[in-house]
Amino acid sequence: MAVLKVKFTKTRRDKLAQILWILNWISVVTGVILFSLGLFLKVELKKREELMAERDIQYVPNMLIAVGLIACIINFLGGKICYDCVDSTKFLRWKLIMLPYIVCTFFFTLCVLVGALMCYTMHWELEEALNLGLMQAMRFYKDTDMPGRCFLKHTVDTLQIQFQCCGNSGFKDWFQIQWISNRYLDMSKKEVIDRLRSNVEGKYLMDGVPFSCCNINSPRPCIQQQITNNSAHFNYEHQTEDQNLWMKGCRQALLEYYTHIMQSIGLTLSVLTGVRYLQTSLENVLRQGDPDSESDGWLLENSLMETARTNLSIIKSLGKSNQINTANNGDPNIDVPSTSKAHYGPDN
Amino acid sequence: MAVGKITFTKTEREKLAEVLWLLNWISVVTGAILFGLGLFLKIEIQKWQEVMSEQGILYVPHMLITTGLAACGINYLGSKICLDCADTNKFLRWKLVMMPYIVCTFFFTACVLVGALMCYSIRSQLEEALYLGLRNTMRFYKDTDTPGRCYLKKTLDLLQIQFQCCGNTDYRDWFQIQWISSRYLDMTNSAVVDRVRSNVEGKYLMDSVPFSCCSTLSSRPCIQHNLSNPGAHAHYDERSQQLNLWRRGCQQALLDHYTGIMQSIGLTVLLIWLFELLVLTGVRYLQTAMENVIRLGDPESESEGWILENSLAETACYNFSIIKSLGKCYQVDDDPNINVPTAAANQEVPSAQVQVNVTS
């Protein structure tokens, strides 16, 4: 018994083919969008690779780019097929390709689903990469004279200004790092030497932050030094002051940014999956139809159980095709030695 | 003697009409581009309108927007006319409209040229507006509690960060302005009071700059205070001083930004103007060719097309005399239709007796 059987007249089949053609073009456009979003994500991740520790997250945008391209190609082909399907003579041309094509697109839909899942799992890996990467970048902030690290100051400053964030999880992270290089410290001053000596590791730590942490929305000029010392500044209370510096941590800011991109990609993938499912079911319907008469269309030819059984037996026989079949109930084309002599030639 | 006379066969006329139809449609697209460019310029100017003392330069984008819309309308009409012009019967429909249409398009094309030239000539006005505007903004930087000025600090900080500039012409402009509000100054501190008193106008001036002047390219943490005393900072040599703050003034930065935009827009508008001129010439040729065909009477024959019927000097004289006579139309002159009293009218004409035959 067929699954979801529907009767189709010729005009309804034509209409179906037209709808499919439109769906195919929607899928091509979605494929293009997916491709460009994948490219955009790749570029954005590459831009900030200095701030991410060694984690292999490039596989996600690479996969999205590949899926986008394949979507375009498959749906472009599908569009051509559906365009021809309306005409019975042209349909015969495609008749043999239809079934392999539908199987292909079914596996492709699975890929799309896997891609969507990967986007959501990337979140955890990204958070870990950012956490470690930012910590390293802040530690090497002062090393502008060391090759390979000399651009980290510029990168971190630009990041904090652009994303309106400060430090890894908050501005207090800067209090635990020496972000002023020793070459810019006046070693002749007593306070400087005292501070260096009072630290176990000999680091010059202070309750100050770089200028890039300053909040542009603040009504008063930025307080960067002696942040926790209320008496050092007039009319200032650091416990309640939240407009002076950026309060958000850069890890959270970056994570939100990338999550936003991934959500757009996830949405595009969902649209693509939905359209694809509709397409494969409709294509199946079209394939079964007889060009000119009324015909039945269905999702699956037999019930779900029977289809599964048929497919399983096909797969089993694929495995057996290379074995030698010795039994009598085998293929009649296999050579069976007979007792009768073969009669050849005119003299017999 | 006609100016730019060309002979057209029937097929050539039809081909010209087709080509002009296509060119008119392309002109509609370029008109939309013109509109878009005007809109873009308007948005760019309004983004930083708080640092400009007056908005006078907005007439340039407004001009571009109106010209763009007019271009769309005129060229759409032109495409309809040109499509019909291939056939002599349909041309008769448009015959009366053609001449006014061409005159209109000519003036419109002149407007496009004026728009393009305006883009290049605006620099001096912009320079003045930016100088005064920036000076005022810097003066009101500290007034974050005054309504109407509370956003100026944020605007100026954003400007200095985004355009990588500091002050009006130089970072030293900040030394002449009190940019820290009195509400954040500790008036009980003797150093503060001394500084305020030592200034003639009672302003708290110092040789330091806001944080937004700090350069991200510097290799050392930013030095904002005691800038006129390099010795106060450890290892603050000439090179460090060069990299520490943004060296460019914001007036120069904004001027460069807008001049760059306007030059690109001006170039595009000039190209659009040339294209419109080409289309106008084509339409004029088509009009004169079709009119001559109708005058000759035979739709299949060859006809001549020109830009001007007589030479430039004769056409100018002719138009000039038309304008002169327009002015004279209300004056009394020797119009034969005006009633002139003559001596003959005073005599009465005797009525003739008419014999009426009465038939019974």
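Residues numbered from 1 in each chain as written. Chains lettered and ligands numbered in written order. Predicted model: local features only at pLDDT ≥ 70, side-chain atom pairs only at ≥ 80, totals over all residues. Heavy atoms only, no water.

**Concerning the overall build of chain B**
Looking only at helices and strands, chain B features nine helices and two strands. Sequence-ordered secondary structure for chain B, helices as α and strands as β, is β-α-α-α-α-α-α-α-α-β-α. The C-alpha atoms of chain B give 36 Å as radius of gyration, which overshoots the globular expectation for 360 residues (21 Å, by more than 25%). Looking at chain B as a whole, 42% of its 360 residues qualify as buried. Long-range contacts, defined as pairs at least 24 residues apart, comprise 73% of the intrachain contacts of chain B with a sequence gap of at least 6. Of the roughly 20,400 Å² of accessible surface on chain B, a fraction of 60% belongs to carbon and sulfur atoms. Seen as two clouds, the 30 positive and the 34 negative side-chain charges of chain B have centres 9 Å apart. (Helix = DSSP H or I, 4+ residues; strand = E, 2+ residues; numbered from the N terminus. Rg over C-alpha atoms; globule rule 2.2 N^0.38 Å. Buried < 20%, exposed > 50% of the residue type's maximum accessible area, 1.4 Å probe, protein only. Contact = heavy atoms within 4.5 Å. Areas by Shrake-Rupley, 256 points an atom, 1.4 Å probe, with all protein chains shown as cover. Lys, Arg positive; Asp, Glu negative; His and termini not counted. Charge placed at Lys NZ, Arg CZ, Asp CG, Glu CD.)

**Overview of the UniProt feature "transmembrane region" (unreviewed entry) in chain B**
Residues and elements named next belong to chain B. When the UniProt feature table is mapped onto this chain, "transmembrane region" (unreviewed entry) is found at residues 20-45, 57-78, 98-120 and 265-286. Between the C-alpha atoms that bound residues 20-45 there is a distance of 37 Å. The span itself is 100% helix and 0% strand. Note that residues 265-286 is 100% helix and 0% strand, and that its end C-alpha atoms are spaced 32 Å apart. (UniProt positions renumbered as here; feature names shortened; annotations may be inferred.)

**Structural notes on helix 8 (residues 250-296) of chain B**
With 47 residues, helix 8 of chain B extends 68 Å from end C-alpha to end C-alpha; this agrees with the ideal 69 Å at 1.5 Å per step. One or two residues past the end of helix 8 of chain B sits G297(B), with phi positive at roughly 95°. (Expected span 1.5 Å × (residues − 1).)

**Notes on the packing of aromatic side chains**
Counted under the stated rule, the structure contains 16 aromatic pairs over all chains. Here the aromatic rings of W25(A) and F76(A) are separated by 5.8 Å at their centres, their planes lie at 80°, and the arrangement is edge-to-face. With W25(A) in helix 1 (residues 10-47) and F76(A) in helix 2 (residues 59-85), this residue pair connects regions lying 51 residues apart in the sequence. For W25(A), a relative accessible area of 36% gives the class partly exposed. Taken together, a centroid distance of 5.6 Å and an interplanar angle of 75° make the contact between W25(B) and Y76(B) edge-to-face. Residue W25(B) is located in helix 1 (residues 10-47), and its partner Y76(B) is located in helix 2 (residues 59-85); the two are separated by 51 residues in the primary sequence. You can call W25(B) partly exposed: its relative accessible area is 35%. Pairwise contacts between aromatic rings join W21(A), W25(A) and F76(A) into one cluster. The ring of F140(B) has R149(B) sitting right over it, with the charged end atom 3.8 Å from the ring centre. Over the face of the ring belonging to Y204(B) we find R195(B), whose NZ or CZ atom lies 5.7 Å from the ring centre. (Phe/Tyr/Trp six-rings, centres within 6.5 Å; stacked < 30°, edge-to-face > 60°. Lys NZ or Arg CZ within 6 Å of the ring centre and 35° of its normal.)

**Things to note about the nonpolar core**
Ranked by internal contacts, the top residues of the largest apolar core, which has 151 residues, are L126(A), W174(A), I265(A), L159(B), W174(B) and V209(B). Counting residues per element, this core draws most heavily on helix 8 of chain B, which supplies 18 residues. Inspection of this core shows a minimum of three residues originating in each of domain 1 (10-121 + 258-290) and domain 2 (140-250) of chain A. Those residues in contact with L159(B) that lie beyond four places of it in its chain are W48(B), V51(B), L134(B), Q164(B), C165(B), C250(B) and L254(B). (Core = buried A, V, L, I, M, F, W, Y, C linked by side-chain atoms within 4.5 Å. Domains from an automatic or database assignment.)

**Quick look at the domain arrangement of chain A**
Per the domain assignment, the segments of chain A are domain 1 (10-121 + 258-290) and domain 2 (140-250). Centre-to-centre separation of domain 1 of chain A and domain 2 of chain A, based on C-alpha positions: 49 Å.

**Things to note about the UniProt feature "transmembrane region" (unreviewed entry) in chain A**
In the UniProt entry, the feature "transmembrane region" (unreviewed entry) is given for residues 20-39, 59-77 and 98-118 of chain A. With 100% helix and 0% strand, the stretch residues 59-77 of chain A has end C-alpha atoms that lie 27 Å from each other.

**Observations concerning empty space enclosed by the protein**
Taken as a whole, this structure holds two cavities of 30 Å³ or more when the rule is applied. Of the voids in this model, the second largest cavity is the one considered here, and its volume is about 30 Å³. For the second largest cavity, the full set of lining residues is Y141(A), K142(A), T144(A), K153(A), W179(A), I180(A), S181(A), S219(B) and P221(B). Looking at side-chain class alone, the lining of the second largest cavity contains four nonpolar, three polar and two charged residues. (1 Å grid on protein atoms, 1.4 Å probe; cavity = no way out; pocket = protein on both sides within 12 Å on 5 of 7 lines; lining within 4 Å. Points joined across faces, edges and corners; volume = space filled by probe spheres on them. Nonpolar A, V, L, I, M, F, W, Y, C, P; charged D, E, K, R; others polar.)

**A look at the state of the cysteines**
Here, disulfide denotes a covalent bond that connects the sulfur atoms of two cysteines. Scanning the model with the defined rule gives six disulfides over all chains in all. Paired by a disulfide, C166(A) and C213(A) hold their sulfur atoms 1.9 Å apart. In this structure the cystine formed by C166(A) and C213(A) twists about its S-S bond by roughly 80°; its chirality is therefore right-handed. In this pair, C166(A) is assigned in the loop between helix 4 (152-163) and helix 5 (190-198) and C213(A) in the loop between helix 5 and helix 6 (250-288), connecting sequence segments 47 residues apart. Between the sulfur atoms of C166(B) and its disulfide mate C213(B) the distance is 1.9 Å. For the disulfide bridge between C166(B) and C213(B), the dihedral angle about the S-S bond is near 80°, and by the sign convention the bridge is right-handed. Of this pair, C166(B) sits in the loop between helix 5 (152-162) and helix 6 (190-198) while C213(B) sits in the loop between helix 6 and helix 7 (238-244), and the two are 47 residues apart along the sequence. For C166(B), a relative accessible area of 0% gives the class buried. Residue C213(B) is classed as buried on the basis of its relative accessible area of 0%. (Disulfide = S-S within 2.5 Å.)

**Examining the interface of chain B and chain A**
Taken residue by residue, the interface counts 25 residues in chain B and 24 residues in chain A. Approximately 2,200 Å² of surface area, both sides summed, lies buried where chain B meets chain A, with 66% of it carried by carbon and sulfur atoms. At the boundary of chain B with chain A, the tally comes to zero salt bridges. Looking at the side of chain B that touches chain A residue by residue, the classes come out as twelve nonpolar, seven polar and six charged. (Buried area = accessible area lost by both parts, 1.4 Å probe. Salt bridge = Lys/Arg side-chain N within 4 Å of Asp/Glu carboxyl O.)

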